[in-house]
Amino acid sequence: MIMARRILWMGLVCAMGLLLGVALQASGQDMGKAAEYYNQAAKAMRNDPNHALTGLDECMKIVGSVDTPEAKALVERCNKLYPQAYYMKAGQLYAKKEFKESLSIMEQAKAAALKVNDEKFGKRVDNTITQIYFQLALQAQQETDYNGAIGFAQKALVTNENFIDAYVVEAQCLDSLKLRDSMLSTIALGLETARRTANVKRQIDLRVMATNYLKAEAKGYYDAKQNEKVVATLTQALAFDDRDGAVYQTIATSEYELKHYEKALEHCEKALEFAGVGADKAQVYFLEGQCYQALGRNDEACEAYKKIEAGPFLKSAQHQVKEVLKCK
C-alpha cells in the first residue's frame with residue numbers, strides 16, 4: 001500500500017515537471033514573438049505608424065502581465081516607442097489636413113510621453129498641438145465660423161502664449177464680428193508679445209493692423225465733422241504707433257477746428273518730428289501759422305508761413321505774410 005502511494009506520488013511529480021517544462025517552453029516562444037512584434041513596430045513606425053501601433057499593442061498583450069526581467073524590459077521599450085508612433089500617425093493625418101483627427105492622436109502621443117516622463121518629446125508634441133489648433137482656427141475662419149476660429153486661436157495660446165500668429169487670426173475674426181474693443185485689446189496683447197519675443201516683423205504687422213483700422217474710423221468721423229471723435233480715435237492709434245507723423249497732423253487739424261490751438265501746435269511739432277524723409281511739410285507749417293495767428297503770436301506765425309517755399313499752400317502763405325500780417 002505504501003509502495004503504491006509512493007509510485008502514485010512520483011507519477012504526479014513527473015507529470016507536473018513535464019507540464020512545467022511545456023509552460024516554460026511556451027513562455028520562451030511567446031517572448032520571442034513579443035520581441036518580433038516590437039522589432040517590426042520599430043521598423044514600421046516612420047512609414048506605417050498604424051502597423052507600428054498594432055505591433056506594440058500585440059507585444060504588450062504578451063508581456064504586459066509577465067513578471068520577469070526580460071518581459072519588464074520589453075514593456076519599457078514599448079512604452080518609450082508609443083509616443084513616437086502616435087506622433088507619426090498624427091503627422092500623417094495633419095498632412096492630409098485632417099486636423100481634428102490629428103489632434104486626437106497627438107493628445108495620445110502627449111499622454112504616452114507623460115507616462116514615460118519624456119519631457120523633451122512632450123514639448124515637441126505640445127508645439128505641434130499648437131500648430132494644429134492654429135490650423136483649425138484658420139480653417140474655421142475660412143468657413144466664416146469666426147467664434148469657432150477664436151476658440152481654436154485661444155487654445156493655441158494656452159499651449160504656447162508666445163504664438164503671435166494666433167493673436168492675428170483672433171483679431172481678424174473679432175473684426176469680422178464687429179467687436180472693435182476686443183479686437184484692439186487682442187492686437188495690444190499680440191504686440192506686447194511680439195516686443196517681448198523681439199519679433200520685429202509681427203510688431204510692424206500688428207501696429208499697421210491697428211492703426212489702419214483706427215485711421216479709417218477717424219476718417220469717417222472727420223468727414224462727419226465729429227472732431228472730438230477724430231482726436232479720441234487717433235489718440236488711441238498713437239498707443240500702437242507713436243511715431244506716425246500723419247496721425248499727429250490729422251489730430252492737429254481737428255484740434256485747430258475745435259479751437260484748441262495750443263494742443264494743435266503740440267501735435268504739429270510731433271508731425272514735423274516724425275515726418276518721413278522727403279515728406280511735404282508745407283501743410284503742417286501753414287497749420288502752425290494759423291494757430292499762432294489765432295493766438296495773436298504774429299511773429300511766430302510769420303516764421304511758420306515763411307518756411308513754405310513751394311506747393312499749393314505757397315500763395316496763401318505769401319498772402320498772409322505780405323498782406324495780412326505784413327511780416328518783416
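Residues numbered from 1 in each chain as written. Predicted model: local features only at pLDDT ≥ 70, side-chain atom pairs only at ≥ 80, totals over all residues. Heavy atoms only, no water.

### Digging into a nonpolar patch on the surface
Okay, step 1: A grouping of Val200, Ile204 and Val208 is seen on the molecular surface, where their side chains present a nonpolar patch of about 240 Å² in accessible area.
Okay, step 2: By the element assignment, Val200 lies in helix α9 (residues 200–223). (Patch = residues over 30% accessible without salt bridge, like charges linked within 9 Å, V, L, I, M, F, W, Y side chains within 5 Å. Areas by Shrake-Rupley, 256 points an atom, 1.4 Å probe, with all protein chains shown as cover. Salt bridge = Lys/Arg side-chain N within 4 Å of Asp/Glu carboxyl O. Helix = DSSP H or I, 4+ residues; strand = E, 2+ residues; numbered from the N terminus.)

### Focus on the nonpolar core
Okay, step 1: With 96 residues, the main nonpolar core has Leu56, Val63 and Met106 as its most contacted residues.
Okay, step 2: Here this core gets eleven residues from one element, more than from any other, and that element is helix α3 (residues 69–95).
Okay, step 3: Not counting chain neighbours up to four residues away, the residues in contact with Met106 comprise Tyr87, Ala90, Val125, Thr128, Ile129 and Ile132. (Core = buried A, V, L, I, M, F, W, Y, C linked by side-chain atoms within 4.5 Å. Buried < 20%, exposed > 50% of the residue type's maximum accessible area, 1.4 Å probe, protein only. Contact = heavy atoms within 4.5 Å.)

### Regarding the packing of aromatic side chains
Okay, step 1: On inspection of all chains with the given rule, the structure shows eight aromatic pairs.
Okay, step 2: Ring centres of Phe134 and Phe163 lie 5.2 Å apart, and the angle between their planes is 75°; this geometry places the pair in the edge-to-face category. Of this pair, Phe134 sits in helix α5 (residues 119–142) while Phe163 sits in the loop between α6 (146–159) and α7 (164–176), placing them 29 residues apart in sequence.
Okay, step 3: Between Phe286 and Tyr305, the aromatic rings sit 5.4 Å apart at their centres with planes inclined by 55°, giving tilted as the arrangement. Here Phe286 is found in helix α13 (residues 282–294), whereas its partner Tyr305 is found in helix α14 (residues 298–306), with 19 residues between them in sequence.
Okay, step 4: On the basis of relative accessibility, which here comes to 11%, the residue Phe286 falls in the buried class.
Okay, step 5: Connected via pairs of aromatic rings, a cluster forms that spans Phe286, Tyr305 and Phe313.
Okay, step 6: The positively charged end of Lys33 is found above the aromatic ring belonging to Tyr37, 5.2 Å away from the centroid. (Phe/Tyr/Trp six-rings, centres within 6.5 Å; stacked < 30°, edge-to-face > 60°. Lys NZ or Arg CZ within 6 Å of the ring centre and 35° of its normal.)

### With respect to the layout of surface pockets
Okay, step 1: Here the largest pocket is characterised by a volume of approximately 220 Å³.
Okay, step 2: Lys215, Ala218, Lys219, Tyr222, Leu234, Ala246, Val247, Gln249, Thr250, Thr253 and Gln283 together form the lining of the largest pocket.
Okay, step 3: It is helix α11 (residues 245–257) that provides the largest number of residues to the lining of the largest pocket, a total of five residues. (1 Å grid on protein atoms, 1.4 Å probe; cavity = no way out; pocket = protein on both sides within 12 Å on 5 of 7 lines; lining within 4 Å. Points joined across faces, edges and corners; volume = space filled by probe spheres on them.)

### Brief notes about α9
Okay, step 1: With 24 residues, α9 ought to run about 34 Å at 1.5 Å a step, and its terminal C-alpha atoms sit 34 Å apart, in line with that.
Okay, step 2: Within the span of α9, buried status applies to Arg202, Gln203, Leu206, Ala210, Thr211, Leu214, Glu217 and Ala218.
Okay, step 3: Close packing links the buried residues of α9 with α7, α8 (180–196) and α10 (227–240).
Okay, step 4: Within two residues after α9, Lys225 carries a phi angle of roughly 60°, on the positive side. (Expected span 1.5 Å × (residues − 1).)

### Focus: the side chain of Asn227
Okay, step 1: Within the fold, Asn227 resides in helix α10.
Okay, step 2: In terms of polar contacts, Asn227 uses its side chain to reach the side chain of Ser254, at 3.1 Å.
Okay, step 3: Those residues within four positions of Asn227 in sequence are excluded, and the remaining contacts are Tyr222, Ser254, Glu257 and Leu258. (Polar contact = N/O pair within 3.5 Å; in protein donor to acceptor, adjacent residues only side chain to side chain.)

### Concerning the state of the cysteines
Okay, step 1: Throughout the structure, instances matching the rule amount to one disulfide.
Okay, step 2: There is a disulfide in this structure between Cys302 and Cys327, and the S-S distance comes to 1.8 Å. Residues Cys302 and Cys327 share a disulfide whose torsion about the S-S bond is about -80°; that sign makes it left-handed. Of this pair, Cys302 sits in helix α14 while Cys327 sits in the segment after α15 (314–324), placing them 25 residues apart in sequence. Taken individually, Cys302 and Cys327 each receive the classification buried, so the pair is uniform in this respect.
Okay, step 3: Looking at the unpaired Cys268, the closest cysteine sulfur is the one in Cys291, lying at 5.3 Å. (Disulfide = S-S within 2.5 Å.)

### Looking at the confidence of the model for the chain
Okay, step 1: For the chain, per-residue confidence averages 91 on the pLDDT scale, and residues scoring 70 or more make up 92% of the total.
Okay, step 2: Under a pLDDT of 50 for its full length, residues 1–26 has, in the predicted model, zero contacts with residues more than four places off or in other chains. (pLDDT = per-residue confidence, 0-100.)

### Structural notes on the environment of Ala149
Okay, step 1: Examined against the element boundaries, Ala149 turns out to sit in helix α6.
Okay, step 2: Sequence spacing of Ala149 and Gln172 is 23 residues, and the spatial spacing of their C-alpha atoms is 9.9 Å.
Okay, step 3: With residues up to four places along the chain from it excluded, the contact list for Ala149 reads Ala137, Ala140, Gln141 and Cys173.

### A closer look at the environment of Glu303
Okay, step 1: Relative to the elements of secondary structure, Glu303 occurs in helix α14.
Okay, step 2: When the C-alpha positions of Glu303 and Val321 are compared, they lie 9.0 Å apart, and in sequence the two are 18 residues distant.

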